[in-house]
Amino acid sequence: MKSLLIKSSFLLVAVFFTGTLNVNDIALFHDAVPSDGFQGQAFYVSKSKMELGRWGARLSEAQKKQIEARLKNRLEKEYILTFNKEEALFYEDEKLDAMTGATDSWGKNFAPGRQYKNVKTNTQIQSQEFYGKKFLVKDKLQDIKWVLGKETKQIGNYTCFKATASVPSNDLAWYDFSWSRLRTNSAAEEASDSTATTTEEPSVAMTEVEAWYSPQIPVGHGPLEYWGLPGLILEVSAGNTTMLCTKIVMNPKEKLDIEAPDKGKEITKAKYQETVMNKMTEFRNNRVGRRRG
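It should be emphasised that the depicted structure is a prediction, and the values quoted were computed from it without experimental measurement.

**Student:** Explain the state of the cysteines to me, and be specific about the residues and the numbers.
**Tutor:** Tallying each qualifying case throughout the model produces zero disulfides. Counting only cysteine sulfurs, Cys 245 is the nearest neighbor of Cys 160, a cysteine outside any disulfide, at a range of 8.7 Å.

Structure follows, in structure tokens:
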């Protein structure tokens, strides 16, 4: 353990002066972590702010609170991250919904499924279900160019360091859907068709990410798409959502199983997002057709 702390300290000193992490740094960090019997579980609470857009401007504060109460099981969720040196399994703890009897059949179509990540092989495997059809999404881990800061704060018993990144919004939420995104994509396609002779690259919406990681838990894992820092990510904020780790169990007596999902039609993240968009476009067009009829 002392050797691990020394190696981790050298790495932190290096990135402290450069302010960035590269692939070689991450590989060195993972090599410093003992593989035998090293595992743990982190429990996260996710809270999202409700976005009502222009429609929300017409609502009273009382009406907004009513809508927020109805959507609580979608805005507040609990997750579990089981990890060892190289692998991690991230999934929603659905006990809360089971206890309250709350269901969100629409929202489940666009929620993150059971997610397996392997930082050594740069592999992500995630199970998704969309309108009753099962998919097995296989792809590389999200490329995140972290910038390491010097700020620190305490989360529970762990000293955490700040890191920031700017990531394409569609990459972070490839499993999700919104009508605004569909409208944006449609407008971009129309603009592309009308300016086919131009060489300008279309603008890409970016999300600013703020993460807090602790080198006291020397693994490069984190919730959802986040990974690649010299310590477990205990808090991450992106867009209107913040995820906070509320409990950590290290090296429990019983071995924790980390198995990748293996059922469903194999597909990449980009193809899955395309499938969802096409289906929702079809749904919208059918609805418009019925209104006109």
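Moving on from the coordinates now.
**Student:** Outline the pattern of salt bridges, listing residues and values.
**Tutor:** Tallied over the full model, the rule gives 11 salt bridges. One connected set of salt bridges, linked through shared partners, spans Glu 151, Lys 162 and Glu 210.

**Student:** Before we move on, can you summarise the sheet that holds strand β12 (residues 265-267) with the specific residues and values?
**Tutor:** What the 12 strands build is an open sheet, ordered β7-β8-β9-β10-β11-β1-β2-β3-β4-β5-β6-β12; its pairing is mixed. One side of each edge strand has no neighbouring strand; the edge strands of this open sheet are β7 (147-155) and β12. Strand after strand, the sheet turns through a mean of 20° between neighbouring axes, direction not considered. Bridge count between strand β6 (residues 133-139) and β12: three bridges; the pairing is parallel. Residue pairing across strands places Val 137 opposite Ile 267, the latter belonging to β12.

**Student:** I'd like a description of the nonpolar core, backed by residues and values.
**Tutor:** Judged by nonpolar contacts, the single largest core of 46 residues is most densely connected at Tyr 44, Trp 146, Tyr 226, Leu 232 and Tyr 272. Sorting elements by how many residues they give to this core places strand β10 (residues 232-238) first, with five residues. By size, the runner-up hydrophobic cluster in this structure holds eight residues, among which are Phe 43, Ile 80, Leu 89 and Leu 136.

**Student:** I'd like to hear about the pairing of strand β4 (residues 115-118), residue by residue, with values.
**Tutor:** Residues Gln 115 and Lys 117 point to one face of β4 and Tyr 116 and Asn 118 to the other, with burial holding for every one of them. Both strand β3 (residues 87-92) and β4 contribute to a ladder of four bridges, which runs antiparallel. Note that in β4 the partner of Leu 89 across the bridge is Tyr 116. The antiparallel hairpin formed by β4 and strand β5 (residues 123-130) contains four residues in its connecting segment, where Asn 122 sits at a positive phi of about 55°.

**Student:** Help me get a handle on the packing of aromatic side chains, residues and values and all.
**Tutor:** Taken as a whole and judged by the stated rule, the model has six aromatic pairs. The interplanar angle of 80° and the centroid separation of 5.4 Å between the aromatic rings of Trp 174 and Tyr 175 together place this pair among those described as edge-to-face. The buried category is assigned to Tyr 175, whose relative accessible area is 8%. Taken together, a centroid distance of 5.7 Å and an interplanar angle of 85° make the contact between Trp 174 and Tyr 272 edge-to-face. In this pair, Trp 174 is assigned in the loop between α8 (169-172) and α9 (179-194) and Tyr 272 in helix α10 (residues 269-292), connecting sequence segments 98 residues apart.

**Student:** Mind laying out the environment of Gln 126, listing which residues take part and the relevant values?
**Tutor:** If you trace the backbone, Gln 126 turns up in strand β5. Measuring from C-alpha to C-alpha, the distance between Gln 126 and Gly 113 comes to 6.2 Å, with 13 residues separating the pair along the chain. Separated by 3.0 Å, the side chains of Gln 126 and Gln 115 make a polar contact. Polar contacts involving the side chain of Gln 126 include one to the side chain of Gln 128, which spans 2.8 Å.

Thresholds applied
Residues numbered from 1 in each chain as written. Predicted model: local features only at pLDDT ≥ 70, side-chain atom pairs only at ≥ 80, totals over all residues. Heavy atoms only, no water. Disulfide = S-S within 2.5 Å. Salt bridge = Lys/Arg side-chain N within 4 Å of Asp/Glu carboxyl O. Pairing = 2+ DSSP bridges. Helix = DSSP H or I, 4+ residues; strand = E, 2+ residues; numbered from the N terminus. Axes fitted to C-alpha atoms, helices over the stretch in contact; angles between N-to-C directions. Core = buried A, V, L, I, M, F, W, Y, C linked by side-chain atoms within 4.5 Å. Buried < 20%, exposed > 50% of the residue type's maximum accessible area, 1.4 Å probe, protein only. Phe/Tyr/Trp six-rings, centres within 6.5 Å; stacked < 30°, edge-to-face > 60°. Polar contact = N/O pair within 3.5 Å; in protein donor to acceptor, adjacent residues only side chain to side chain.

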